[in-house]
Amino acid sequence: MEFSIPFGGQALNAVDGKGRVSLPADLRATVDRRAAQALTANMPVDDKLLYIAEDEELPCLTGFDETEYFALAGELREQRSRETSGGGRKSLIRRDGGGTETFAPLQRVVFDKAGRMVLSSLLREIGGIEDFAFFTGNGPYFDIWSPARAHSHYAAMGDKRLLRVLEHLCREKGVAL
């Protein structure tokens, strides 16, 4: 089942010394809506579980909920099925790294009713995240940026809209870029 409820919006949230940060309310609401949609399709999902990893292309973290995790697993299963039915592979089980690059880097992150979660030291190191995290909705995913990395990236891309949003949020919270 495809979930058409996208992650959108943005927020700048404080991160404490132990990596505790709040998942923004807009993103929490999207996770809740996607989980409710999954349950109507008899797809049991954990509505308080996220998967977060290093983005493959951008200098940030990328996250998604369990509905997207299952969708990725389904896509991989379909790909492997096509390979075996075409006579190329004899098994759906691959030992050549087939899904490793997708699933192995993912860190499971649980959040509570208030959205509080912990970004591990590994995730914070990869994302360059220190005192603040800038969250942006990205359709089926959401991104978590170091404000400074986000600013550099948006400036290089010429994305004036997100630069204005980020600069405004940083001014409001006294964050220097």
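Just so we're clear, the structure is a prediction, and the values are computed from it rather than from any experiment. Residue numbers run consecutively from 1 along every chain, following the written order of its sequence. Side-chain atom pairs in this predicted model are given and counted only at pLDDT of 80 or more, local residue features only at pLDDT of at least 70, and totals for whole chains, interfaces and linings cover all residues. For the side-chain quantities, the full set of heavy atoms in the structure was used; hydrogens and water were omitted.

### Here we look at the overall build of the protein chain
1) Next: Along its length, the protein chain carries six helices and eight strands.
2) Next: Labels follow the DSSP assignment, with helices taken as runs of H or I lasting at least four residues and strands as runs of E lasting at least two, numbered in each case from the N terminus. Sequence-ordered secondary structure for the protein chain, helices as α and strands as β, is β-β-α-β-β-α-α-β-β-α-β-β-α-α.
3) Next: When accessible area is computed with a 1.4 Å probe and restricted to protein chains, residues below 20% of their type maximum are described as buried, those above 50% as exposed, and intermediate ones as partly exposed. Taking all 177 residues of the protein chain together, 40% fall into the buried category.
4) Next: Note on definitions: a residue-residue contact is assigned when non-hydrogen atoms from the two residues lie within 4.5 Å. Contacts spanning at least 24 positions in sequence make up 62% of the contacts within the protein chain whose residues lie at least 6 apart.

### Some words on the pairing of strand E4 (residues 61–65)
1) Next: For E4, the buried fraction is high: five of the five residues fall into the buried class.
2) Next: Here E4 shows a buried face lined by Leu 61, Gly 63 and Asp 65 and a second buried face lined by Thr 62 and Phe 64.
3) Next: Inspection of the sheet shows strand E3 (residues 49–54) paired to E4 by five bridges, in the antiparallel sense. Looking at E4, one finds that Ile 52 is bridged to Gly 63.
4) Next: In short, DSSP must find at least two bridges between two strands for them to pair. Between E3 and E4, which pair antiparallel and follow one another directly, the connecting turn spans six residues.
5) Next: Bridge analysis of E4 against strand E8 (residues 141–145) gives three bridges, and the strand direction is antiparallel. By the bridge assignment for E8, Gly 63 is matched with Phe 142.

### A closer look at the pattern of salt bridges
1) Next: Any Lys or Arg side-chain nitrogen found within 4 Å of a carboxyl oxygen on Asp or Glu counts as a salt bridge. Enumeration over the complete set of coordinates arrives at six salt bridges.
2) Next: Here Asp 65 makes a salt bridge to Arg 34, at a shortest N to O gap of 2.9 Å. You can see Asp 65 sitting in strand E4 and its partner Arg 34 sitting in helix H1 (residues 25–40), a full 31 residues away along the chain. Each of the two residues, Asp 65 as well as Arg 34, counts as buried.
3) Next: Note that Asp 47 and Lys 48 form a salt bridge whose closest N and O atoms lie 4.0 Å from each other.
4) Next: Here the salt bridges do not stand alone but share partners, grouping Asp 32, Asp 47 and Lys 48 into one network.

### Observations concerning unusual backbone geometry
1) Next: Phi at Asn 42 takes a positive value of approximately 60°, unusual for a residue other than glycine.
2) Next: With respect to the helices and strands, the residue Asn 42 is situated in the loop between H1 and E3.

### Looking at the side chain of Asp 55
1) Next: Within the secondary structure, Asp 55 sits in the loop between E3 and E4.
2) Next: The charged side chain of Asp 55 is buried without a salt bridge, its nearest counter-charge being Arg 149 at 10 Å.
3) Next: Polar contact is the term for a pair of N or O atoms within 3.5 Å; when the atoms are in protein, one must be able to donate a hydrogen and the other to accept it, and sequence-neighboring residues count only if both atoms are side-chain atoms. Here the side chain of Asp 55 touches Leu 58 through a polar contact of 2.7 Å, landing on its backbone nitrogen. As used throughout, the charge tally considers Lys and Arg to be positive and Asp and Glu to be negative, leaving His and the chain termini uncounted.

### A short note on the pairing of E3
1) Next: Counting buried positions along E3 yields five of six residues, so the element is predominantly enclosed.
2) Next: As paired elements, E3 and strand E5 (residues 107–110) share four bridges and run antiparallel to each other. Paired with Ile 52 across the strands is Gln 107, a residue of E5.

### Some thoughts on the packing of helix H5 (residues 147–157) against helix H6 (residues 160–173)
1) Next: Here an angle of 0 to 180 degrees is reported between the N-to-C directions of two axes, which are lines fitted to C-alpha atoms, with helices fitted over the stretch in contact. H6 packs onto H5 with a crossing angle of 155° between their chain directions and a minimal axis gap of 9 Å. The orientation of H5 relative to H6 falls into the category roughly antiparallel. Pair H5 / H6 crosses with left-handed handedness. Taking contact as the criterion, the partners of Pro 147, Ala 150, His 151, Tyr 154 and Ala 155 in H5 are, on H6, Leu 162, Leu 163, Leu 166, Glu 167 and Cys 170.
2) Next: Polarity classes work like this: nonpolar for Ala, Val, Leu, Ile, Met, Phe, Trp, Tyr, Cys and Pro, charged for Asp, Glu, Lys and Arg, and polar for all others, with Gly in that last group. For the contact of H5 with H6, the residue count by class is eight nonpolar, one polar and one charged. Under this scheme an angle from 65 to 115 degrees is roughly perpendicular, one under 35 degrees roughly parallel, and one over 145 degrees roughly antiparallel; angles in between are oblique. Left-handed describes a crossing whose near helix is turned anticlockwise from the far helix by less than a right angle; the clockwise case is right-handed.

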